[in-house]
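An overview of the molecular structure
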Amino acid sequence: MNFFHPQEIRAVLERHGFHFSKALGQNFLTQSWVPERMMTDSGVDKDCVVLEIGPGMGTLTQAIARYAEKVVAVELDHALIPVLAETLAEFSNVTVLEGDILKFDLSALCNEHFAGAKKKLVCANLPYYITTPILSYLLESRLFDGVCVMMQKEVALRLCAESGSADYGAFSVFTQYYAEPEILFSVPSSCFVPQPKVDSAIVYLKTRSAPPVPVTDEKLFFRVVRASFAQRRKKLANGLTSAFGDKERITRILEELGYQENVRGETLGIPDFAKIANKLAE
Ligand code: SAM
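Computed from a predicted structure; not experimentally measured.

1. Digging into the layout of surface pockets
- If you add up the space inside the largest pocket, you get close to 290 Å³.
- Lining the largest pocket are 14 residues; nearest its centre among them are Lys22, Gly25, Asn27, Pro196 and Lys197.
- Per-class residue counts for the lining of the largest pocket are six nonpolar, six polar and two charged.

2. As for the site of the ligand
- Taken together, 23 residues surround the ligand, and among them Gln26, Gly54, Glu75, Asn125 and Tyr129 come closest.
- Side-chain polar atom of Glu75 to an oxygen atom of the ligand: 2.6 Å apart, as the coordinates give it.
- With respect to the ligand, the side chain of Asn125 contributes an N or O atom lying 2.9 Å from an oxygen atom.
- The protein chains hide 99% of the 600 Å² of surface that the ligand would expose on its own.
- Applying the majority rule of atoms within 2 Å of the grid points places the ligand in the largest cavity.

3. Observations concerning the domain arrangement of the chain
- The domain boundaries assigned to the chain delineate domain 1 (6-207) and domain 2 (218-281).
- Of note, the centres of domain 1 and domain 2, computed from C-alpha atoms alone, are 35 Å apart.
- On the side of domain 2, twelve residues touch domain 1, which itself brings 13 residues to the contact.
- Taking both partners together, domain 1 and domain 2 bury about 970 Å²; carbon and sulfur atoms supply 65% of that area.
- The interface formed by domain 1 and domain 2 includes one salt bridge.

4. Some thoughts on empty space enclosed by the protein
- Tallied over the entire structure, the rule returns one cavity of 30 Å³ or more.
- Quantified by volume, the largest cavity comes out at close to 380 Å³.
- Along the wall of the largest cavity there are 31 residues; nearest its centre are Ile53, Gly54, Glu75, Asn125 and Pro127.
- If you list the elements that add at least two residues to the lining of the largest cavity, you get β1 (28-29), β2 (48-53), α3 (59-67) and β3 (70-75).

5. Topic: the side chain of Ser172
- In this structure, Ser172 sits in helix α8 (residues 170-178).
- Exposure remark for Ser172: the relative accessible area of 1% places this residue in the buried category.
- A polar atom in the side chain of Ser172 sits 2.9 Å from the backbone nitrogen of Gly169.
- With sequence-adjacent residues up to four places away left out, Ser172 is seen in contact with Arg158, Leu159, Ala161 and Asp167.

6. Structural notes on the packing of α8 against helix α9 (residues 218-230)
- Close contact between α8 and α9 brings their axes to 9 Å; oriented N to C, the two are set at 150°. Classified by the angle between their axes, α8 and α9 sit roughly antiparallel to one another. On the side of α8, the interface is formed by Ala170, Val173, Phe174, Tyr177 and Tyr178, while α9 contributes Glu218, Phe221, Phe222, Val225 and Phe229.
- Tallied by class, the residues present in the contact of α8 with α9 amount to nine nonpolar, no polar and one charged.

7. Here's the deal with the pairing of β3
- Burial within β3 is extensive, with five of its six residues counted as buried.
- Two elements, β2 and β3, share five bridges in a ladder whose sense is parallel. In the strand pairing of β3, Val49 is matched with Lys70.
- You can see the chain leave β2, run along α3 and come back into β3, and the turn it takes is right-handed.
- Judged from the five bridges that link them, β3 and strand β4 (residues 94-98) form a sheet pairing that is parallel. Across the sheet, Val74 pairs through a bridge with Leu97, a residue of β4.
- Taken together, β3, helix α4 (residues 81-87) and β4 form a β-α-β motif whose crossover is right-handed.

8. Points about the sheet that holds β3
- Pairing is mixed across the open sheet formed by seven strands, whose spatial order is β4-β3-β2-β5-β6-β9-β7. In this open sheet, the two edge strands, each paired with only one partner strand, are β4 and β7 (179-187). Direction aside, the axes of adjacent strands within the sheet are offset by 20° on average.
- By the bridge criterion, eight bridges tie β7 to strand β9 (residues 200-207) in an arrangement that is antiparallel.

Reading the values: the criteria
- Residues numbered from 1 in each chain as written.
- Predicted model: local features only at pLDDT ≥ 70, side-chain atom pairs only at ≥ 80, totals over all residues.
- Heavy atoms only, no water.
- 1 Å grid on protein atoms, 1.4 Å probe; cavity = no way out; pocket = protein on both sides within 12 Å on 5 of 7 lines; lining within 4 Å.
- Points joined across faces, edges and corners; volume = space filled by probe spheres on them.
- Nonpolar A, V, L, I, M, F, W, Y, C, P; charged D, E, K, R; others polar.
- Near = heavy atom within 4 Å.
- Polar contact = N/O pair within 3.5 Å; in protein donor to acceptor, adjacent residues only side chain to side chain.
- Areas by Shrake-Rupley, 256 points an atom, 1.4 Å probe, with all protein chains shown as cover.
- Sits in = over half its atoms within 2 Å of the grid points.
- Domains from an automatic or database assignment.
- Contact = heavy atoms within 4.5 Å.
- Buried area = accessible area lost by both parts, 1.4 Å probe.
- Salt bridge = Lys/Arg side-chain N within 4 Å of Asp/Glu carboxyl O.
- Helix = DSSP H or I, 4+ residues; strand = E, 2+ residues; numbered from the N terminus.
- Buried < 20%, exposed > 50% of the residue type's maximum accessible area, 1.4 Å probe, protein only.
- Axes fitted to C-alpha atoms, helices over the stretch in contact; angles between N-to-C directions.
- Parallel < 35°, antiparallel > 145°, perpendicular 65-115°, else oblique.
- Pairing = 2+ DSSP bridges.
- Right-handed = clockwise from strand over helix to strand, strands pointing away.

Here's what the structure looks like:
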């Protein structure tokens, strides 16, 4: 079949009695250049094993299977399992697992399917309704060397934003603490069936083998980050005081670290949040 012709895609799906679910973020790719470029730009090769999230009808899965040593694809929608059995029948290096990616024990999955692999990657056209929880789950697991994913362009800009910019926020800090994100290319909404209302972008996140700066207590570090962005328009001291109490101690710490009394969280980088959190941890 021509995998990239919307009419043929619809014909296969209809034959299996499949109906697109908006709630599951189902927008399937119809342009072959997108998975091809995802593979080449992120350097997927036979040294790589790949976890794919949400294979849909297997469009991206086929490209990964051609470039990588092995693919394990996790799909939540039970109705797509027989479709994938048909579209991926010719690939012996693909395993499809049914379930919610957020309920999988990723460590057990890697031990079972990827033991001894040189390079472990994640590739996905993410279901947009859970982009943030999925990325958090993947990055916190610290199991993968890189993550190459399609997401809403607006979210991609937030992940990659630098301190001081309008897109910069707690999730930029979170992502950049675990990885070095880079936008590889944009994908217009005309590349999907059904077409989403927003444009998309492919982001490659090269995961860090160690945090970019020493952090004594990671939980506390992320509490500081969230508190610093909770009241964007307000002073950092107020945000931190709301979260941690003890205004005097907060004011003293910020002063000792050399910050102006009216400093705002959105102007600080990861080393700043680390300094504040490490001091609070003392
Ligand atoms: N990879 C296909 C493509 O590019 O054409 C489909 C991508 S579509 C944007 C997202 C896919 O993720 C759908 O197949 C949807 O059923 C699946 N999905 C949604 N939530 C999921 C979850 N929690 N775990 C695993 N798969 C999920």
